[in-house]
Amino acid sequence: MKSPNLLRKIPSVGDLLESPPLKGLVERVSHNVVVGNVRSILEEMRVEVQQRASEFRVPPIRELAEHIARRILEGERPGIQPVINATGILLHTGLGRAPSADSAIQQIAAVGHGYSNLEFDLDTGQRSQRMVAVEGLLRQISGAEASLVVNNNAAATLLALTAVAAGREVIVSRGQLVEIGGSFRLPDVMSVSGAILREVGTTNKTHPDDYQRAIGEQTAALLRVHTSNYRVVGFTSAVGLEELVRIGRQHKLPVIDDIGSGAVVDFSPFGCGGEPQVQASVAAGASLVLFSGDKLLGGPQCGILLGGREWIEPIRRHPLARAVRVGKLTLAALEATLRLYRDPAGARRDVPLLRLIDTPMDNLKHRAERLAPQLAACERVAQADVCQDVAYLGGGSLPAQGLPTWCVSLVASDGHVGTLAQALRKAAPAVIGRVQQDRFLLDLRTVFPGQDQQLVEAFETLGGTTHPAMAKEVEKEANVEKEDE
Ligand SMILES: *Cc1c(COP(=O)(O)O)cnc(C)c1O
């Protein structure tokens, strides 16, 4: 019988708490967290000893303490943490879409820290509306008379359809029945809203007559949806917004324009034109214009509805509006972001999304060339080259919409690009790149210049190897302090 002896070799909680790596952590983390982790690991060990005593080796106390310390530090890393986006996808939904402007972050901190005048008029001392500040800015930027901000564009679409058309028909071209990222499918949103989908035209061609013929007693609105993530090409025709507005006016019907990404500047000088512009939809006379706050606007997650007061006010008063309203932190960030757009040159400089899109190729190339030798010197990298490639807007924008970029292209030292990608996801900070055949690409289009050094450090913390046996050794030698960076 081996196990009683082995059990006796397992150190006590008290001994472990006295060992250097854990002793230091008690002060930095908390006594309860450290003791809790020590107890649960010791318990796991006792179970192991009882189940497979013959193969079990009780590690030396120092090794065990380091293992526990690492586990505690891993647990202390927040669930949502910053990552370096080296995918080249500017609006990566998995990576949180648009990065926030400095002024937006400052406003979130200022407003979030204490109380604010969210729904309080400082002039009169009366209760007021939470949208007042952003409504003024949205009017200035877009020309729209009124606006409403909700949780996201899916909520904006659902709310608009419910308030305007529940129980009645909404006419949509068959070519515009979009699915954006799985859970947003226009026919499903329509059915939840209670509006009845009336499809017209064909997949590739819809004519003004198709709308005219479908309009009847039951019609509540005409809906146009931007086909953000696909294009029907070839033998096609769609009815333009001006024409749709003309038809709507003729029948006294509102036109709802879901433009999706919501550019307020012209993106064609950046080499990615063709995105519908907010001001153009408002000017063309759409009754309601809907778009996301965290796509091409480069703001926080929200959905923005613009339109005439006669359309916005009933929507604002609809009970569903309360269910999808935005909080003060979102409004603070949105207001700060919108302020940047009052000066186009300032927006290009201070809205991070625009700054990334606008980074000259020379700058990206220069940085790639500087990074390549530094990364090549890291143990997990066998070879590092620079290469020109294509980055994408992402976030439900056109997949074919490419932007030129420069990358560092890596060969993993053990030949396994997948394990290198995995190790980098666990690095501090986590690095998400792009796997292209047997290469691991770091696309600098989405990496902020201030992150270049962090990128190198993330590679350096990986150590040398992926073989499980060797990995244990590396782990043993790993400095606990270093992992906390
Ligand atoms: C992205 C998109 C949506 C969904 O917007 P979220 O803000 O992600 O809810 C809806 N419609 C269109 C056309 C889009 O591009």
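The structure we're discussing is the one just above.
Rules behind the numbers
Residues numbered from 1 in each chain as written. Predicted model: local features only at pLDDT ≥ 70, side-chain atom pairs only at ≥ 80, totals over all residues. Heavy atoms only, no water. Near = heavy atom within 4 Å. Polar contact = N/O pair within 3.5 Å; in protein donor to acceptor, adjacent residues only side chain to side chain. Areas by Shrake-Rupley, 256 points an atom, 1.4 Å probe, with all protein chains shown as cover. Helix = DSSP H or I, 4+ residues; strand = E, 2+ residues; numbered from the N terminus. Buried < 20%, exposed > 50% of the residue type's maximum accessible area, 1.4 Å probe, protein only. Pairing = 2+ DSSP bridges. Right-handed = clockwise from strand over helix to strand, strands pointing away. Phe/Tyr/Trp six-rings, centres within 6.5 Å; stacked < 30°, edge-to-face > 60°. Lys NZ or Arg CZ within 6 Å of the ring centre and 35° of its normal.

## Thoughts on the site of the ligand
Item 1. Around the ligand, the surrounding shell consists of Arg97, Asn152, Asn153, Ala154, Ile180, Phe184, His226, Ser228, Asp258, Gly260, Ser292 and Lys295.
Item 2. For the ligand, an oxygen atom lies 3.0 Å from a polar atom in the backbone of Asn153.
Item 3. With respect to the ligand, the backbone of Ala154 contributes an N or O atom lying 2.9 Å from an oxygen atom.
Item 4. For the ligand, whose accessible area on its own is 390 Å², the fraction buried by protein is 94%.
Item 5. Listing elements by their share of the shell around the ligand, those giving two or more residues are α8 (153-165) and β9 (255-260).

## Here we look at the pairing of β9
Item 1. Buried residues dominate β9, accounting for 6 of its 6 residues.
Item 2. Judged by which residues are buried, β9 turns out to be covered on both faces: Val255, Asp257 and Ile259 on one side and Ile256, Asp258 and Gly260 on the other are all buried.
Item 3. Two strands pair when backbone bridges link them, and strand β8 (residues 219-225) and β9 are joined in this way by 4 bridges, in the parallel orientation. Along β9, the bridge assignment pairs Leu223 with Ile256.
Item 4. In terms of handedness, the path from β8 via helix α11 (residues 241-250) over to β9 forms a crossover that is right-handed.
Item 5. Both β9 and strand β10 (residues 288-292) contribute to a ladder of 4 bridges, which runs parallel.

## Side note on the pairing of strand β4 (residues 169-173)
Item 1. Counting buried positions along β4 gives 5 out of 5 residues, so the element sits mostly inside the fold.
Item 2. Where burial is concerned, the two faces of β4 agree: the one with Glu169, Ile171 and Ser173 and the one with Val170 and Val172 are both buried.
Item 3. Direction of pairing for β4 relative to strand β7 (residues 196-200): parallel, over a ladder of 5 bridges. Opposite Ile171, over in β7, you have Arg198 as the bridge partner.
Item 4. When β4 meets β8, the two strands line up parallel, connected through 4 bridges. When the sheet's bridge partners are listed, Val170 is paired in β8 with Ala221.

## Here we look at the packing of aromatic side chains
Item 1. A full pass over the atoms with the stated rule returns 1 aromatic pair.
Item 2. With centroids separated by 5.5 Å and ring planes inclined at 70 degrees, the aromatic side chains of Phe267 and Phe270 adopt a geometry described as edge-to-face.
Item 3. Classification of Phe270 by relative accessible area gives buried; the value is 9%.
Item 4. Taking the ring centre of Phe235 as reference, the NZ or CZ of Lys205 above it sits at 3.7 Å.

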